[in-house]
Each structure stands twice: as structure tokens, then as C-alpha cells.
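Chains, contacts and geometry: an overview
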Amino acid sequence: MISSNQAFTVRCTGLRSAPVPHILLLFILIPLLFHAVLGSQTPLIRDSSSSASVSSIVDDEVFVQLENADIEHSKAVDSAVLGKYNLWRREYDNEHTDTKVKFMRDQMIMARVYMVLAKSKNMFDMYEELMNQLKESQRAVGKATADADLPKSAPETIKAMNQLLSKVKGQMYDCKTFIQNLRGMLQSADEQARGLKKQSTFLSQLAAKTIPNAIHCLSMRLSIDYYLLPPEQRKFPRSENLENPNLYHYALFSDNVLAASVVVNSTIMNAKEPEKHVFHLVTDKLNFGAMNMWFLLNPPGDSTIHVENVDDFKWLNSSYCPVLRQLESSAMKEYYFTAAHPTTLSAGSSNLKYRNPKYLSMLNHLRFYLPQVYPKLNKILFLDDDIVVQKDLTPLWYEDLKGNVNGAVETCGESFHRFDKYLNFSNPHIAQNFDSNACGWAYGMNMFDLDTWKKKDITGIYHKWQTLNEDRALWKLGTLPPGLLTFYKLTHPLNKSWHVLGLGYNPSIDRSEIENAAVVHYNGNMKPWLELAMTKYRPLWTRYINYDHSYIRNCKLRT
């Protein structure tokens, strides 16, 4: 049987044969087809002349060298994917599928392309011959989907079409033109791929920062019902536990009711002594009623919970807080809303993240003010709202931080997630005070020693660096870069099994790592409450949601 890779080859005088997968040839011929359709009459065959100039000979030698290099490079390319007839058709996903049917369809595609080229060059005899042979192949293939469905005459039809295509190919263009068109096509495809990648990044970031309609519906319904409650029914029980330093306290800052509920539910369902766990939730004024109403309707068992509004922290104002002062400045508004505004879809891929609402919200920066928010506590576990707890977290309160303020899982490998990834080491403030190779760590699950925090004046250190970064010369955005500076040499590395990251962007996390993790973190754009979440990781999150709950059902939230 004739293989598709053997059937079509590029042969030039003085050059070795180089097999070209049939799907690649189709892409090679597409530029030629456009060339013909646009009406160019430039002949593709160039007669050799004994009086060729020296420069022409040099060009020929360069082409030969480049082509030989490309041939050698092609040996390293896996043709398993390139050799597929159609990547979108399921019947061709199996590498052992029926090759005769696939090959005949390839031949028919090639024949149609050559017919267009022949007609554009007024080669009507060749056009007629191709059309007749195409009809023969169409009759032979019919509706066949497997080699067993083909008639006995199929091999002869394949052979006849192959001979015709070889003849036509030799008359249509020479090898030099073939190579030139191939290089042009590859350059064009590369530019298109880069543009599509930028557009994909832009759209994924756009999707990541939006709130699904169902969650918006949930928040609105809960808010309405909360403000209909009489004041005496808006209080949570066990308020005496809120300042008890002998209990296990959590800080959770979120404007997403559903995400916050998963964090709380997963924590208490895996806790050995849930009655000793206290949850301190802080949200914004828009979601304050919804967050209260949800946990009034769905109390966390014997655990204690309390919800606060960040706008009620009157001490958190622009005269005290540098980031608030900066967010209110005209320069910052220009940076977030005007200077970074893209003129095209692809141009916006690198700019949209600067206008993500989380970078403009004090909920995101409140983590640097924990002793001010909870002055009576000596330790607190900070949790992001895109995590799921899978094990009892009580042992973290007994972890020896060795005099450090922050207990966190480090994220650096041999050459990535180190300080130089997040900070501008061309700035002397950074270069003179920090090691560019220092290991980064993750926010999302952090044990903070608030007594040591106050002794070291951590909030003051944060204010210093935030003030120096008013022109964004030290870092661009986010809370991790200032966190790395603020807690430099004050962070104790926790065992990596406490906190596994990447479920919001990495599809290849080892399953055993996820199963053994105390906390899994959906950091990245693919949050579990969004439709673009990775299907394989989403059940870890949805298992803590009661989809039969009346509010969730009425807002049409689905797994």
C-alpha cells in the first residue's frame, strides 16, 4: 500500500528527496492558490540559462544550503500530528485508522487545488484530466469511512491519481518557487499564531475578571432578603469567640459569596474540632448583605463566623494608607484606565490585567493590616477565596515559625518564581536590598504570627515600599511583590503538601500531589466558578456546594 509520506516528495536537481506529510503540502499549496485567484500571471516555472549571473548562482547555493538544513530539521519533527488528515474529525484521532480512505481524500483535495491552478494558467487539458480523475476517485470513495468499504478497484484508482498528481506537480512550479512560497507561508502562519495567542490571552483575562450571571443573581437575591430582616435577626451567635486567642482564627477577604462559602464549608467539614474554629470574613459594601444572609441561612455548624464591611474601617483612609492615596490619584487612574487602554483586541492582552478590579480593591490590600483588623489575636491563618481545604488545618497553629512572621509554601524551582520574576532589579532600591535569586512564596494560605508582626512593624515596612513604588518603578501590580519585600527574611517555609497551587492554570499537576494536599489553590484565570475552569479540577470545588439549595437553584447555578 502506498503511504502518504512516500507518495508526495519534493525533488530538486542535486538535492536528496525529502518526504513531506500530505497535510503540510496542502498548506504549502494554499498560498499558490491565493496567488492564482488574485490573478497574477507571473509564471512559476523559470527556464535555466547558461548565462546566469554570479549573484543568481550564489542565491541558488544559499537556497540549497537552507533547504538541506530544513530537511535535517524535519527529521526531528514528530509527524504523528502533522500526518493527520483532519485534526477536528474524531475518526482520525486513532493513529491506526483506515489509511486508504484517508489517503484518497487527501488526493482529491490536492486534485482540486491543482485544478484551480491549471485553470488560472489556461492549462485546460490538464484541468480536464484532473477533473476526470477526480470523478473516478469520488466514485471509488463514495461514502466509505473504512478501507473495507472501498471497491476492489481502489488501489488502481489511487495509483492513477498519484501518477497524475506527480505529473501535474512537475509542470506547475519549480523547487525554488516551492521553497520561497513555503517560507512565506511559515512566516505568515507564525504572525497569525502570535496574534491569535494575544487575542486568546486577552479573552481569557476578560472572562476571568467577570462575575457569572448566576453568582450575581445569588448576591442580589441574598442582599434583598437580608435588608428585609429585622435588625435583631441579623446577628450571628457565639460572638464571644471572636477575640478568644485560644481558638483557631481564619481571615477571609472576599466579594464572592459562593467562593467564600466553599472555603468555610471545606474547612469545617475537614476539621476535627469545628467548634474551635472562628471565621473572620471581610467584604465590600455591595456584598455585605449577601454575605451575611448566606451564612445566617447556612451557619457553619458549631464554628463561629463574623462578617464585616471593609468600608466600616474608618482608620483605613488615604492619610494612613499609601495604596489608598495612590489609588485616588489622577496618575493612578490614568495608568489603570487610560494609558493601558488597548486600541485592538490583541494589544489588550498585556494591558487588561492592569485594570482587573482586584488590584483596585482594598480587600486585596487588607492582608497587610491584619493586626489592625484583629488587635486581640496573636495568630491568624489567612485564606484566599479561590482555595479548597481538604484536611484539618489545626496543626498549622502549632507550627514553629522560628521567629518569622509569615508561614508560607515556597514556589521557586531551579530558575523560576524567584524575586527577579516579580521585582525590578534595575532599580537601586531593589538591587541594593534584595537577592534576585531569593525564593518566592505563595499567598493563599499563610499563617501569620501577629505578635511578631507588631514587634517587627510589618505594616510600617509595607508602607515604606508602597510609598517608594508610587511611580510603579519597583513592581507593576498586585500584592505578592510588596509581600515579598515586606516579609523578606521573615518567612518560614512550610511543607509543600500544605498548599498545592496551579489548579487555575496548570493542567498537568500530579494527581497524588492534589490528593495529599491540605489546601488546593485555583490561582490563575481558570477559577472553579467560571465556565473556563478546568473540568478535571472543578469537582474538588463543587463537592462543597449544595446545588439543591433554593437560592442556588433559583439562580440556575449548575455543576
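An unreviewed UniProt entry lists the chain under the name Hexosyltransferase, from Platanthera guangdongensis. UniProt's Sequence similarities (unreviewed entry) comment on the chain is quoted here verbatim: "Belongs to the glycosyltransferase 8 family." Within the UniProt record for the chain, the comment given under Pathway (unreviewed entry) is "Glycan metabolism; pectin biosynthesis."

1. A closer look at the environment of M172
For M172, the location among the structural elements is in helix α7 (residues 154-172). Sequence separation of M172 and Y114 is 58 residues, and the distance between their C-alpha atoms is 8.3 Å.

2. What about helix α6 (residues 124-141)?
The terminal C-alpha atoms of α6 lie 25 Å apart, and with 18 residues this matches the ideal 26 Å at 1.5 Å per residue to within 8%. Within the span of α6, buried status applies to M126, L130, Q133, L134, S137, A140 and V141. Angular distribution of buried residues about the axis of α6 spans 120°; they occupy a single face of the element. Seen from the buried face of α6, the exposed residues on the opposite side, beyond 90 degrees, are D125 and R139. Next to the buried residues of α6 lie α5 (99-120) and α7. One or two steps after α6, the chain reaches G142, where phi turns positive at roughly 55°.

3. Side note on the packing of helix α9 (residues 213-228) against helix α11 (residues 288-297)
At their nearest, the axes of α9 and α11 sit 7 Å apart, and the two run at 80° to each other. Our classification of the angle between α9 and α11 gives roughly perpendicular. Listed contacts from α11 to L218, S219, L222, S223, D225, Y226 and Y227 of α9 are F288, G289, A290, N292, M293, W294, L296 and L297. Among the residues making up the contact of α9 with α11, the classes are represented as 10 nonpolar, 4 polar and 1 charged.

4. Focus: the pattern of salt bridges
Pairing between side chains of opposite charge can happen when the charged atoms of each approach one another. Counting across every chain of the model gives 9 salt bridges. Two residues, E129 and K167, come together in a salt bridge whose shortest N-O distance is 3.1 Å. Of this pair, E129 sits in helix α6 while K167 is found in helix α7, placing the two residues 38 residues apart along the sequence.

5. Describing the pairing of strand β6 (residues 379-383)
When a strand is regular, its side chains alternate between the sheet's two faces. With 5 of its 5 residues buried, β6 lies for the most part within the structure. Here strand β3 (residues 248-253) runs beside β6; their pairing, made up of 3 bridges, is parallel. Bridge pairing in β6 links A251 to F382. Bridging between β6 and strand β9 (residues 445-449) involves 5 bridges; their strand directions are antiparallel. Counted as the bridge partner of K379 is D449 from β9.

6. Section: the sheet that holds β9
Ordered in space as β5-β4-β3-β6-β9-β8-β10, the 7 strands form an open sheet in which the pairing is mixed. Two strands close off the open sheet at either side, each with one partner strand: β5 (304-309) and β10 (491-493). Between one strand axis and the next, the sheet turns through 25° on average, direction left out of account. In this fold α11 packs onto β4 (277-283) and β5, with an angle of close to 170° to the strand it touches most, β5.

7. Brief notes about the sheet that holds strand β11 (residues 499-500)
Within the open sheet, the 3 strands sit side by side as β7-β12-β11. Their pairing is mixed. Unpaired on one side and paired on the other, β7 (387-389) and β11 mark the two borders of the sheet. Summarising the sheet, β7 and strand β12 (residues 519-521) pair through 3 bridges and their orientation is antiparallel. Within β12, the position partnered with V388 by the bridge is V520.

8. Focus: the side chain of N404
Among the structural elements, N404 can be located in the loop between β7 and β8 (406-408). Of the polar contacts made by the side chain of N404, one reaches the backbone oxygen of L401; its length is 2.8 Å. The contact partners of N404, leaving out residues within four places of it in the chain, are D449, T452, K489, L490, T491 and H492.

What counts and what doesn't
- Residues numbered from 1 in each chain as written.
- Predicted model: local features only at pLDDT ≥ 70, side-chain atom pairs only at ≥ 80, totals over all residues.
- Heavy atoms only, no water.
- UniProt positions renumbered as here; feature names shortened; annotations may be inferred.
- Helix = DSSP H or I, 4+ residues; strand = E, 2+ residues; numbered from the N terminus.
- Expected span 1.5 Å × (residues − 1).
- Buried < 20%, exposed > 50% of the residue type's maximum accessible area, 1.4 Å probe, protein only.
- Arc of directions from axis to C-beta.
- Contact = heavy atoms within 4.5 Å.
- Axes fitted to C-alpha atoms, helices over the stretch in contact; angles between N-to-C directions.
- Parallel < 35°, antiparallel > 145°, perpendicular 65-115°, else oblique.
- Nonpolar A, V, L, I, M, F, W, Y, C, P; charged D, E, K, R; others polar.
- Salt bridge = Lys/Arg side-chain N within 4 Å of Asp/Glu carboxyl O.
- Pairing = 2+ DSSP bridges.
- Polar contact = N/O pair within 3.5 Å; in protein donor to acceptor, adjacent residues only side chain to side chain.

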